[in-house]
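If you want the building blocks of each chain, they are given just below.
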Amino acid sequence: MSGGRGILLIALVIPGLIVMGSSLYSFDIDYNALERTEDYIARLSRDGEGSTRQLDLAYHRSLAHRVNAFTDGTWGFIGATIAAIGIHGIVTMKEDDFAFKQDKKRSGN
């Protein structure tokens, strides 16, 4: 692997995959919490046991989980995009595009 490909791998692909993986893991946790709070709201309203204050609190907790799940999904998409840009650069560029000027002078090109 040439130096330029290594730079793309280290600078774009690996960080992009790390951001994507950690964000999708957090998304899974937040989405499960969102489902639990939505079930809790449905149970409170269906049984008629919950006061207005309990319903408001549960609804606002649900909104917080909804925002967290949205942002985690967005960061997952951003990380995947960063990794895809790095992979695209590695795959499509010719070997000469990665060489530094000093390397080209030494090889006589």
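Residues numbered from 1 in each chain as written. Predicted model: local features only at pLDDT ≥ 70, side-chain atom pairs only at ≥ 80, totals over all residues. Heavy atoms only, no water.

**Focus: the pattern of salt bridges**
Our working rule: A pairing counts as a salt bridge when a side-chain nitrogen of Lys or Arg comes within 4 Å of a carboxyl oxygen of Asp or Glu. Secondary structure follows DSSP: runs of H or I at least 4 residues long count as helices, runs of E at least 2 residues long count as strands, and numbering of each begins at the N terminus. Think of it in three bands: with a 1.4 Å probe and only protein chains considered, a residue is buried below 20% of the maximum accessible area for its type, exposed above 50%, and partly exposed in between.
Under the definition given, this model contains two salt bridges. With a closest N to O distance of 2.7 Å, Arg66 and Glu38 form a salt bridge. Pair noted here: Arg66 is in helix α2 (residues 52-92) and Glu38 is in helix α1 (residues 3-47), with a separation of 28 residues, a long-range link. By relative accessible area, Arg66 is classed as partly exposed at 42%. With relative accessibility at 31%, the residue Glu38 sits in the partly exposed group. The salt bridge partner of Arg46 is Asp47, with a shortest N-O separation of 3.7 Å.

**Regarding the packing of α1 against α2**
Definition in use: With axes taken as lines fitted to C-alpha atoms, and helix axes fitted only over the stretch in contact, angles between N-to-C directions fall between 0 and 180 degrees. Here the angle decides the label: under 35 degrees means roughly parallel, over 145 means roughly antiparallel, 65 to 115 means roughly perpendicular, and every other value means oblique. Note on convention: the crossing is left-handed when the near helix lies turned anticlockwise from the far helix by less than a right angle, right-handed when the turn is clockwise. In this classification, Asp, Glu, Lys and Arg are treated as charged, Ala, Val, Leu, Ile, Met, Phe, Trp, Tyr, Cys and Pro as nonpolar, and every other residue, Gly included, as polar.
Across the interface, α1 lies against α2 with an axial gap of 6 Å and an inter-helix angle of 160°. Taken together, α1 and α2 sit at an angle that is classed as roughly antiparallel. In terms of crossing hand, the pair formed by α1 and α2 is left-handed. Each residue belonging to the contact of α1 with α2 can be placed in one class, and the counts come to 26 nonpolar, 14 polar and six charged.

What is shown is where atoms sit, not what they do.
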